[in-house]
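Commentary on secondary and tertiary structure
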Number of protein chains: 2
Amino acid sequence: MSQAKGNVLVAPGGGPTHVINQSAVGVILEARKHAQVGSIYGALRGVSGIVNEDFIDLTDVAEDKLEKISYTPSSGLLSTRDKPDAAYCERMFKVMKAHDIRYFFYIGGNDSSDTVRIVGEHAKAANHELHAIHIPKTIDNDLAENDHCPGFGSAARFVASAFVGAGLDNRALGGIYIGIVMGRHAGFLTAASAMANTYEDDGPHLIYLPERAFDPERFADDVQRVYDEHGRCIVAISEGVSDKDGNPIMSTLKDMGADAHGNVQLSGTGALGDLISDTIKTGLGLKRVRADTFGYLQRSFIGCLSDTDAKEAREVAMAGVRAALVDGAETGSMTIKRTELDYAVNYELVDIAKVAGLTRHMEDEFINEDGNGVTQAFRDYCLPLVGSDFPEHYRFEAPAVAKKLG
Amino acid sequence: MSQAKGNVLVAPGGGPTHVINQSAVGVILEARKHAQVGSIYGALRGVSGIVNEDFIDLTDVAEDKLEKISYTPSSGLLSTRDKPDAAYCERMFKVMKAHDIRYFFYIGGNDSSDTVRIVGEHAKAANHELHAIHIPKTIDNDLAENDHCPGFGSAARFVASAFVGAGLDNRALGGIYIGIVMGRHAGFLTAASAMANTYEDDGPHLIYLPERAFDPERFADDVQRVYDEHGRCIVAISEGVSDKDGNPIMSTLKDMGADAHGNVQLSGTGALGDLISDTIKTGLGLKRVRADTFGYLQRSFIGCLSDTDAKEAREVAMAGVRAALVDGAETGSMTIKRTELDYAVNYELVDIAKVAGLTRHMEDEFINEDGNGVTQAFRDYCLPLVGSDFPEHYRFEAPAVAKKLG
């Protein structure tokens, strides 16, 4: 058990998910159980709230209020796109020291885990006992060492639900439907579109992932082939698809902004969808080509929640608090490890260097040989993550009536 | 009671909704109760299935299967964008006569109701007893004589849910968020975004409807004002917004297709969102401007269903069958009339000429004086339509911690 008495600080980082508040609430509720804990603070706007000492005192927030907040999507503690450099991390540490923070839980992706690592090093150098734990969170599902990440399951449920609906719409009216899905360099969320497939000819018929080079000519051939077979075609494309030299397809478009991480703006614009749409219209001469860019809807659409995701987001955070307060871990990254395919998980603390700054990509076994779809292994992997009671869809199956006029 | 013995034909028209199958199933289940009915046919792909005699026999489809299909979004009988001309309608009638169709139920919008009218006139001229009834359906909510239309409530629930999530996302990370909503010439669906508003500073802060001229300069001023007040701004804009001369803002964009109705392609492209986004970025110099075009997701997203909408879509169809079979109505358009604001409705058959080809627009009492938002009267109108158990969202409310470093 850690003997350090002091305060707890919880902070969120990066892009919101449907379940990030579950993790924040998990930290708060678990921390309340431990006698070493003084006050429980929440940093507003992630790391920027730490450097600015912008804390709220969560020690006494009523439990039923916390339960309600835990089911609210996006970050109730707000967030930031600041990416701390060395000086920023040092300032973070100084603020923590001033507020007698002994337990720091930072909920975020791979950038966030690196921040935890650096702040932990500052504490060590200053001989201030600080237990700094990274709690996983990202809809991109791209954290190393994790079977999957909190936030992914609910976003996957959204993407799969969207493709069920768009697929049924496309079945009714025909044509080509293209859905552009988030995920930057990892294809998991785009791949989750495959969970929409129930009937043999259901879409998506083609899935393009950032893990495979995107070849516009090959793409056009694929679409034509599916269209010839089904009279329609439903395509899922990752916002992060790149050509064989690794240049994002999007980077061929002008007038794009870049975020504070130096990344090209992939979301919040329909440009990639429209570009690909135009390729099909002009290249293949096909009519009724429609592209939707799912954008921000997919990461915090209220009510489209995976119960598995919600439960794990809370539990992995609670386990992180116990790792620090009970086991006395100084630092580390909490992970979700699957122990049974269908379905059980453990929560384990791993060396933060195994997670920090690294990006997991979709494993080869999850991608089909042609690089335009997913395997059964991926479906088996993804199925429990989208949660229970995923809505089913059905068709009229009835005999044809004989023609009278011919 | 109608004495005409013969067959029933049900067909869907136009764009799918989440509840169009409820109406189809309502027709089938109600028709089964009446002794005059021989077989119950469904036309595949709407009117095109009628001219091609592409019918399936629904007389004996199991009830539990029908119940499952009724909760499946989009049209299980598929659909078409064909807009029948006089010759097309005559052919439709001839096919119906050949198949001894005595009861025709066409589920659709204002184009569809006009088709019902013309087919009915052909039957009358040929002295063939045909009861032709229009069953309302449109997410645009733009049918005359109706308090609201089946399909609208579920789409409104999607739009409101999307704006809750996007609003929470925007609250966490700041910037300008623009959501482009379907609806062509009627602003109801865009207006439904207002149902996302719970806390005083929740978005959408601005709502632009096709019923009011869209002035880019006025728009920029509005956004700047909200941004100055809240440090962020959430905007809902109808795909159909037009300038003061009635030219769609979208029509200033090149490379647009047109559907068979001669309409400009408004959906399935992110162009309008990106155009407006660029206006804000370059005109106001504001950072982090994001635009999502909700596209096809909003009309058939599986699981985002208004229970009120589902129930009424079925009941209005069943009432239509009774109007024909019990009351002996020759033709007409079924409507939903509200009898209590909060909340009760009647289903009434009205003269089809009062509905056919007409477009209802948002009433003045629903739009605020500045033309950039909705009134409390609209919120009261819309609230019961999005269905029960609309998910709530909550915030952390806790005392600030005193700064130590300042």
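If you're wondering where the values come from, they're calculated on a predicted model, not measured in any experiment. The numbering scheme is per chain: residues are counted from 1 as the chain's sequence reads. The naming scheme follows written order: chains are lettered A onward, ligands numbered 1 onward. In keeping with the predicted nature of the model, local features appear solely for residues at pLDDT of at least 70, side-chain atom pairs appear and are counted solely at 80 or more, and the whole-chain, interface and lining totals rest on all residues.

Digging into the pairing of strand E10 (residues 331-340) of chain B
Residue and element names in this part refer to chain B. Strands are labelled as partners when DSSP assigns at least two bridges between them. Runs of E in the DSSP output that reach at least two residues are strands. Runs of H or I that reach at least four are helices, and both are numbered from the N terminus. Bridging between strand E5 (residues 131-136) and E10 involves three bridges; their strand directions are parallel. Along E10, the bridge assignment pairs Ile 133 with Gly 332. Here E10 pairs with strand E11 (residues 344-350) via seven bridges, running antiparallel. Opposite Glu 340, over in E11, you have Ala 344 as the bridge partner.

Section: the interface of chain B and chain A
Once C-beta atoms have been placed from the backbone, residue pairs whose C-beta atoms lie within 7 Å are recorded as contacts. Listed as interface residues are 67 residues of chain B and, on the opposing side, 67 residues of chain A. For the side of chain B that touches chain A, the secondary-structure elements that each account for two or more residues are strand E2 (37-43), strand E3 (55-57), helix H3 (63-70), helix H4 (86-98), helix H6 (152-173), helix H9 (271-284), strand E9 (289-293) and helix H10 (297-300) of chain B. Ranked by residues supplied to the side of chain B that touches chain A, first place goes to H6(B) with 10 residues. Each residue receives one of three labels: charged for Asp, Glu, Lys and Arg, nonpolar for Ala, Val, Leu, Ile, Met, Phe, Trp, Tyr, Cys and Pro, and polar for the others, Gly being one of them. Classifying every residue of the side of chain B that touches chain A by side-chain character gives 32 nonpolar, 20 polar and 15 charged.

Focus: the sheet that holds strand E3 (residues 55-57) of chain A
Residues and elements named next belong to chain A. Within the open sheet, the seven strands sit side by side as E3-E2-E1-E4-E5-E10-E11. Their pairing is mixed. The open sheet is flanked by E3 and strand E11 (344-350), the only strands paired with a single partner. The mean angle between the axes of side-by-side strands here comes to 25°, regardless of whether they run parallel or antiparallel. Lines fitted to the C-alpha atoms define the axes, with helices restricted to the stretch that makes contact. Angles between their N-to-C directions range from 0 to 180 degrees. Sitting on the sheet, helix H5 (residues 110-125) touches strand E4 (101-108), strand E5 (131-136) and strand E10 (331-340), and the angle it makes with E5 is about 175°.

Quick notes on the packing of helix H8 (residues 216-230) of chain B against H9(B)
Residues and elements named next belong to chain B. Direction vectors running N to C along H8 and H9 enclose 70°, while the axes themselves pass 11 Å from each other. As judged from the angle between their axes, H8 and H9 are roughly perpendicular. Mapping the contact onto sequence places Pro 216, Ala 220, Val 223 and Gln 224 in H8 and Thr 279, Ile 280, Gly 283 and Leu 284 in H9. Taken together, the residues that form the contact of H8 with H9 break down as five nonpolar, three polar and no charged. Each angle is binned into one of four classes, with values under 35 degrees roughly parallel, values over 145 roughly antiparallel, values of 65 to 115 roughly perpendicular, and all other values oblique.

Looking at the sheet that holds E11(B)
Residues and elements named next belong to chain B. One open sheet accounts for seven strands, arranged E3-E2-E1-E4-E5-E10-E11; its pairing is mixed. Both outer strands of the open sheet, E3 and E11, are each paired with one neighbouring strand and no more. Between one strand and the next, the sheet's axes are offset by a mean angle of 25°, whatever the strand orientation. Direction of pairing for strand E4 (residues 101-108) relative to E5: parallel, over a ladder of six bridges. If you follow Tyr 106 over to E5, its bridge partner there is His 134. Each of E4, E5 and E10 is contacted by helix H5 (residues 110-125), which is oriented at about 175° to E5, the strand it contacts most.

Examining the packing of helix H1 (residues 20-31) of chain A against helix H3 (residues 63-70) of chain A
To characterise two packed helices, one gives the angle between the axes of the helices and the distance between these axes. Residue and element names in this part refer to chain A. In the contact formed by H1 and H3, the axes pass within 8 Å of each other and the chain directions differ by 155°. Put simply, H1 runs roughly antiparallel to H3. When H1 is examined against H3, the residues Asn 21, Gln 22, Val 25, Ile 28 and Leu 29 are found in contact with a partner set consisting of Leu 66, Ile 69 and Ser 70. Split into classes, the residues belonging to the contact of H1 with H3 amount to five nonpolar, three polar and no charged.

Digging into the nonpolar core
Defined on buried residues, the nonpolar core groups Ala, Val, Leu, Ile, Met, Phe, Trp, Tyr and Cys residues joined through C-beta atoms within 7 Å. Put plainly, a residue is buried at 20 or more neighbouring C-beta atoms within 10 Å of its own, exposed at 12 or fewer, and partly exposed in between, counting only other residues' C-beta atoms, which are placed from the backbone. By size, the foremost hydrophobic cluster in this structure holds 258 residues, and its most contacted members are Phe105(A), Ala156(A), Val159(A), Phe105(B) and Val159(B). Apart from residues lying up to four places away in sequence, Ala156(A) is in contact with Leu189(A), Ala192(A), Met195(A), Cys382(A), Leu385(A) and Val386(A).

Concerning unusual backbone geometry
Residue and element names in this part refer to chain A. A cis amide bond links Gly 203 with the next residue in sequence, Pro 204, at an omega value of -5°. When you line up the elements, Pro 204 lands in the loop between helix H7 (188-191) and strand E7 (206-208). Cis geometry is found at the peptide bond from Asp 342 to Tyr 343, where omega equals 10°. Structurally, the position occupied by Tyr 343 is in the loop between E10 and E11. A positive phi angle, near 50°, is found at Asp 100, a position not held by glycine.

Comments concerning helix H11 (residues 307-325) of chain A
Under the 1.5 Å per step criterion, the end-to-end length of H11(A) is 27 Å for 19 residues, consistent within 8% with the ideal 27 Å. For H11(A), a buried count of 15 out of 19 residues is recorded, marking the element as mostly surrounded by other parts of the structure. Multiply 1.5 Å by the residue count of a helix minus one, and that product is the helix's expected span.

What about the relation of the copies chain B and chain A?
The second copy of the chain is related to the first by a rotation about an axis and a shift along the axis. Rotating chain B by 180° about the axis while translating it 0.0 Å along that axis superimposes it on chain A, leaving an RMSD of 0.0 Å. Overall, the copies show the geometry of a two-fold rotation axis. Proximity to the rotation axis, assessed at the C-alpha, singles out Gly270(B) in chain B; its C-alpha lies 2.1 Å from the axis. Here 100% of the interface residues in chain B have copies in chain A that are interface residues too; the copies meet face to matching face. Overlaid copies result from least-squares superposition on C-alpha atoms, with residues included only where pLDDT is at least 70 in both.

A closer look at the environment of Ala196(B)
In this structure, Ala196(B) sits in the loop between helix H7 (188-191) and strand E7 (206-208). Along the primary structure Ala196(B) and Ala160(B) are separated by 36 residues, whereas in three dimensions their C-alpha atoms are 4.9 Å apart.

Observations concerning the domain arrangement of chain A
All names here are of chain A. Where each domain starts and ends follows an automatic or database-derived domain assignment. Assigned domains within chain A: domain 1 (6-150 + 304-354) and domain 2 (156-299 + 363-386). For domain 1 and domain 2, the distance between their C-alpha centroids amounts to 32 Å. Residue-level contacts link 18 residues of domain 1 with 18 residues of domain 2. Class assignment of the residues belonging to the side of domain 1 that touches domain 2 gives a composition of five nonpolar, six polar and seven charged.

Digging into the confidence of the model for chain A
pLDDT is a residue-level measure of predictor confidence that goes from 0 to 100. Per-residue confidence for chain A gives a mean pLDDT of 93, with 96% of residues at or over 70. Segment residues 253-263 of chain A is flagged for pLDDT under 50; beyond a separation of four residues in sequence, or across chains, it makes 15 contacts in the model.

So, the environment of Asp140(A)
Structurally, the position occupied by Asp140(A) is in the loop between E5 and helix H6 (152-173). Separated by 44 residues in the primary sequence, Asp140(A) and Arg184(A) have C-alpha atoms spaced 7.4 Å apart.

Section: the pairing of strand E6 (residues 175-181) of chain A
All names here are of chain A. When you tally the buried positions in E6, you get six out of seven residues, the bulk of the element. In this sheet, strand E8 (residues 232-238) lies alongside E6 in parallel orientation, the contact comprising seven bridges. Bridging from a neighbouring strand, Gly 175 pairs with Arg 232 of E8. Two elements, E6 and strand E9 (residues 289-293), share five bridges in a ladder whose sense is parallel.

A word on helix H4 (residues 86-98) of chain A
With 13 residues, H4(A) should reach 18 Å at 1.5 Å per residue; the first-to-last C-alpha distance of 19 Å fits that figure. Backbone geometry just after H4(A) places Asp100(A) at a positive phi near 50°.

Re the environment of Gly187(B)
All names here are of chain B. Within the secondary structure, Gly 187 is located in the loop between strand E6 (175-181) and H7. Separated by 21 residues in sequence, Gly 187 and Tyr 208 place their C-alpha atoms 8.1 Å apart. Here Gly 187 is in contact with Leu 209, Pro 210, Glu 211, Ser 238 and Met 362, once residues within four sequence places are set aside.

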